[in-house]
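What follows is each chain in one-letter form.
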Amino acid sequence: APGGGGDGGGGKGAGGGRKLPTCAEHDLENYSMYCVSCRSPVCYQCLEEGKHSQHDVKALGAMWKQHKAQLSQALNGVSDKAKEAKEFLVQLKNLLQQIQENGLDYEACLVAQCDALVDALTRQKAKLLTKVTKEREHKLKVVWDQINHCTLKLRQSTGLMEYCLEVIKENDPSGFLQISDALIKRVQVSQEQWVKGALEPKVSAEFDLTLDSEPLLQSIHQLDFIQMKFPVSVPPVPLLQLEKCCTRNNSVTLAWRMPPLSHNPVEGYILELDDGDGGQFREVYVGKETLCTIDGLHFNSTYNARVKAFNSSGVGPYSKTVILQTSDVAWFTFDPSSAHRDIVLSNDNQTATCNSYDDRVVLGTAAFSKGVHYWELHVDRYDNHPDPAFGIARINVVKDMMLGKDDKAWAMYVDNNRSWFMHCNSHTNRTEGGVSKGATVGILLDLNKHNLTFYINGQQQGPPAFENIEGVFMPALSLNRNVQVSLQSSP
């Protein structure tokens, strides 16, 4: 029983010189049992005295382990919740950014809509002013014509009256009678010209134009946002965020978003890319994310990309096409994300070694599918004649054995005296000449000629190692703890 107590809480303490806790009531007794009812540790003497005879009493070590297990389980639950909380915080931070972006978009749309209303009102004002101007000019013309006509008639009548008055003054009856009939007729005709209405204005000074702006003013005052459900239809055209679209080596990153004020739900996106040579588009991503990176493309190639959204109603239209140019030359380091866990990287992931005596594999961050590529590795440390292997591999190469032992790698492994080529665990072309500390190993991958050639200290090591190789390859290296290698130059 004391051994159980030692297991429970004092095993490590005994080894470290720590005194075991003793019973508070019996100084010479160590705690060995646990009273579940009292929730306290007890000693055997406490039990013999019958203080806990009716209680549920268990071995201290067993309860210690049980409670540790319960606490661990509870901690696991808290840990899961903490992980969910961290993910939720990330979601909230993304939501903050999205709210900020959507707020700016909505502000811009609101300004544009109000400006459009102002522009429409300004254009309509100009049309109405034109109508008022035409009406005013028409009235003025009518009045001026009437003034001119009346002035002419008045002048004629006045002249006739003055002439008749002079004739009336004549004392010669015979002379008067000779012209009196004609004058009487002329006066009668002149009088008849001033018919009824001839001395009334043809137009009024009032303008018969009334603008009823009250309904429009009420509409303006009632102008507000509405909350309504729109019938679900296919999503609109996604907007490519060109400022976030970029290339790095032979990978491209594209970003997009939906336009503001878009009421149709989006369930996902389909990103399409051509072959870099003007060929057909193909789907490279289907999902809910709005940011996507495509790796393993051709170097020095121009790719066209487009995206469309979809929901339960169908697939929406394509976005505009964006053109992206991959790098002419690859710059890469060792890839920590895909390396075997025993690989140790340093110097900004340009130097590799290993914690294990067994060979482990690390890949480069670049992937090659066409063109000519050359890179070199410098042997920083070489102890006890190990066999590091240099070459190329697929992304799914086995990483816990020497490079070239499976069918996913093509390699040259080398010791301090000689080298061999290896693929599918087949060893070929033994060649004299090895490596030591300070040596440089060069790899020439010619995907135009589909072959792989190796160099040691600038001299070709044997014939071209492998022919007729096609596909996507990554720089690869396997080594153990007796070797340290650094990338000396990138392609």
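Residues numbered from 1 in each chain as written. Predicted model: local features only at pLDDT ≥ 70, side-chain atom pairs only at ≥ 80, totals over all residues. Heavy atoms only, no water.

Chemist: A description of the overall build of the chain should follow, citing residues and the corresponding values.
Modeler: Each helix and strand in the chain was counted, giving 5 helices and 26 strands. Computed over the C-alpha atoms, the radius of gyration of the chain is 50 Å, more than 25% above the 23 Å expected from 2.2 N^0.38 for a compact globule of 491 residues. With respect to the three principal axes, the spread of C-alpha positions in the chain is 170 × 90 × 40 Å. In the chain, which comprises 491 residues, the proportion classed as buried is 33%. If you sum the accessible surface of the chain, you get close to 30900 Å²; carbon and sulfur atoms cover 53% of it. (Helix = DSSP H or I, 4+ residues; strand = E, 2+ residues; numbered from the N terminus. Rg over C-alpha atoms; globule rule 2.2 N^0.38 Å. Buried < 20%, exposed > 50% of the residue type's maximum accessible area, 1.4 Å probe, protein only. Areas by Shrake-Rupley, 256 points an atom, 1.4 Å probe, with all protein chains shown as cover.)

Chemist: An account of the packing of aromatic side chains is requested, with residue identities and associated values reported.
Modeler: Here the structure, examined in full by the defined rule, presents 10 aromatic pairs. When the ring of Phe 332 is compared with that of Phe 368, the centres are 6.4 Å apart and the planes differ by 75 degrees; the resulting orientation is edge-to-face. Note that Phe 332 is positioned in the loop between β12 (322–325) and β13 (343–346) and Phe 368 in the loop between β15 (360–363) and β16 (372–382), a separation of 36 residues in sequence. What makes Phe 332 buried here is its relative accessible area of 4%. Taking relative accessible area as the criterion, Phe 368 reaches 0% and is therefore assigned buried. Taken together, the ring pairs in this structure connect Phe 299, Phe 332, Phe 368 and Trp 375 into an aromatic cluster. (Phe/Tyr/Trp six-rings, centres within 6.5 Å; stacked < 30°, edge-to-face > 60°.)

Chemist: How would you explain the sheet that holds strand β19 (residues 418–423) if you had to name every residue and give the values?
Modeler: Paired through backbone hydrogen bonds, the strands of a sheet run either parallel or antiparallel to each other. A sheet is described by the order of its strands in space; here 6 strands give the open sequence β15-β25-β17-β18-β19-β20, paired in antiparallel fashion. Across the chains shown, the open sheet's two edge strands, defined by having one partner strand only, are β15 and β20 (426–432). Across the sheet, the axes of successive neighbouring strands diverge by a mean angle of 20 degrees, strand direction being ignored. (Pairing = 2+ DSSP bridges. Axes fitted to C-alpha atoms, helices over the stretch in contact; angles between N-to-C directions.)

Chemist: Account for the packing of helix α3 (residues 60–168) against helix α4 (residues 173–193), naming residues and giving values.
Modeler: Where α3 contacts α4, the two axes come as close as 11 Å, and the packing angle between them is 155 degrees. Classified by the interaxial angle, the pair formed by α3 and α4 is roughly antiparallel. The handedness of the crossing between α3 and α4 is left-handed. Between α3 and α4, the contacting residues are Lys 153, Gln 156, Ser 157, Leu 160, Tyr 163, Cys 164, Val 167 and Ile 168 on the first element and Phe 176, Ile 179, Leu 183, Arg 186, Val 187, Ser 190 and Gln 193 on the second. Grouping the constituent residues of the contact of α3 with α4 by class yields 9 nonpolar, 4 polar and 2 charged. (Parallel < 35°, antiparallel > 145°, perpendicular 65-115°, else oblique. Left-handed = near helix turned anticlockwise from the far one by under 90°. Contact = heavy atoms within 4.5 Å. Nonpolar A, V, L, I, M, F, W, Y, C, P; charged D, E, K, R; others polar.)

Chemist: Which residues make up α3, and what values do they have?
Modeler: Between its terminal C-alpha atoms α3 stretches 156 Å, which fits the 162 Å expected from 109 residues at 1.5 Å a residue. Those residues of α3 not exposed but buried are Leu 60, Gly 61, Met 63, Asp 105, Lys 139, Val 142, Gln 146, Lys 153, Ser 157, Leu 160, Cys 164 and Val 167. (Expected span 1.5 Å × (residues − 1).)

Chemist: So what's going on with the pattern of salt bridges? Which residues, and what values?
Modeler: Applying the stated criterion across every chain yields a total of 13 salt bridges. Between Asp 342 and Arg 360 there is a salt bridge, and its shortest N-O distance comes to 2.9 Å. A residue pair is termed long-range when its members are at least 10 positions apart, and Asp 342 in the loop between β12 and β13 and Arg 360 in strand β15 qualify at 18 residues. Ionic pairing is found between Asp 407 and Lys 408, a salt bridge with its closest N-O pair at 3.0 Å. Among the ionic contacts, a cluster of salt bridges with common partners joins Glu 272, Arg 306 and Lys 308. (Salt bridge = Lys/Arg side-chain N within 4 Å of Asp/Glu carboxyl O.)

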